[in-house]
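# What the coordinates show
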Amino acid sequence: MLELRKRINRIKIKLGYRFGLSKAIGMPKMITLDPTNHCNLKCPLCPTGLGDTSVAYGLFKLDKFKNVIDVFSKWAQTVQLYSWGEPLLNKSFVEMIRYASQKPHKIRSVTSVNLNAITDEQIEGLLNSNLDALHLSIDGTTQEVYEKYRIGGNLETVFNNLKKLIAEKNVSKSNTKVIWDFIVMKQNEHQVEEAKKMAKDFGIPIKIDCVRTNLKDDYLNPVDKMIDKYSEWLPNNSQYNSYDMETKTRKKSLDFCKKPWQEVMVNWNGDVFPCSCIHTEEKDRMGNIFEEEFEDIWNGEKYVAARKELLDQSNDLETICHTCKKNGYYTI
């Protein structure tokens, strides 16, 4: 019955944006819940790493988290348990995964960690929590290169923890898929092939991603300005560069964003946002799920305005979706 309801919901989502409905008839099929926006690293293209003061920092409380999962479990297929911080810093993180991914909710769960601060207990817990996918952010094969972006990180610690993780996965016969995420930038592009070889030796797949100019400013400003400002990070090899350096444009860009019909992001403090791409500043929130019923937020004034903006419909209220669309969306 639950799967049928979710299948019907997917159909409603498609009908909503295909027929240009600014009031959604479906509910989000993907949710992002940020366990915390604190982080133990200081990555220079991330607002958290830069100590951005435009947001409040905190931890998602377990009881609040469970309440939110209860709200979305009727429709959600996937929960993404990471956004602007390091999830492992929340001591309730493993229990959060268990609650979302096991009966009666059985929502597919995905997370991403930097693996610098993880205990043996957390390793065992993650691999026995029904977590579907565990992404590991490792952007270098030597400490000298790795720390250029993952400032404060220790690659030896990361690889030791990875060995423990793989050993526990083999012992527990866990079905959790472990993936090495390697973001390519000018500083590490010469190590891509070595990273692929190392991932093969570890027995895990590797996902090669292209760096964005800046995780916050990228959607707030015209792309040509961002390329000029952050060119020191953009790879020389065009294969790994998301931008055309001659025309100063994105190689790929969305023609239409479906996210305000498909997904939702909930910050640790209950603030609701239309996607996990944007930084969680209070001025851009759609509402607060701790203070309002989600259905009232989902088809409230701001969400309706956001969908109208994407549909090119007449609209008097500008939301963050207006800014993102104006600047060509963030990337693909």
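Presented here is a report on the structure given in the accompanying data block. (Residues numbered from 1 in each chain as written. Predicted model: local features only at pLDDT ≥ 70, side-chain atom pairs only at ≥ 80, totals over all residues. Heavy atoms only, no water.)

## Focus on the layout of surface pockets
- In this structure, the largest pocket spans a volume of roughly 1300 Å³.
- Within the residue set of the lining of the largest pocket, elements represented by two or more residues are β3 (108–113), β4 (133–137), β5 (177–184) and β6 (206–210).
- With 4 residues, β6 is the largest single contributor of residues to the lining of the largest pocket.
- Counted by class, the lining of the largest pocket contains 18 nonpolar, 12 polar and 8 charged residues.
- Taken as a whole, the second largest pocket encloses approximately 160 Å³ of empty space. (1 Å grid on protein atoms, 1.4 Å probe; cavity = no way out; pocket = protein on both sides within 12 Å on 5 of 7 lines; lining within 4 Å. Points joined across faces, edges and corners; volume = space filled by probe spheres on them. Helix = DSSP H or I, 4+ residues; strand = E, 2+ residues; numbered from the N terminus. Nonpolar A, V, L, I, M, F, W, Y, C, P; charged D, E, K, R; others polar.)

## Topic: the pairing of β5
- Of all 8 residues in β5, 6 are buried; the element is thus mostly enclosed.
- As judged from the 5 bridges shared by β4 and β5, these two strands associate in the parallel manner. When the sheet's bridge partners are listed, Leu-136 is paired in β5 with Trp-180.
- Where β5 meets β6, 5 bridges bridge the pair, whose relative direction is parallel. Note that in β6 the partner of Val-184 across the bridge is Cys-210.
- In this fold, β5 hands off to helix α7 (residues 192–202), which returns the chain to β6; that crossover is right-handed. (Buried < 20%, exposed > 50% of the residue type's maximum accessible area, 1.4 Å probe, protein only. Pairing = 2+ DSSP bridges. Right-handed = clockwise from strand over helix to strand, strands pointing away.)

The analysis is restricted to geometry; functional conclusions fall outside its scope.
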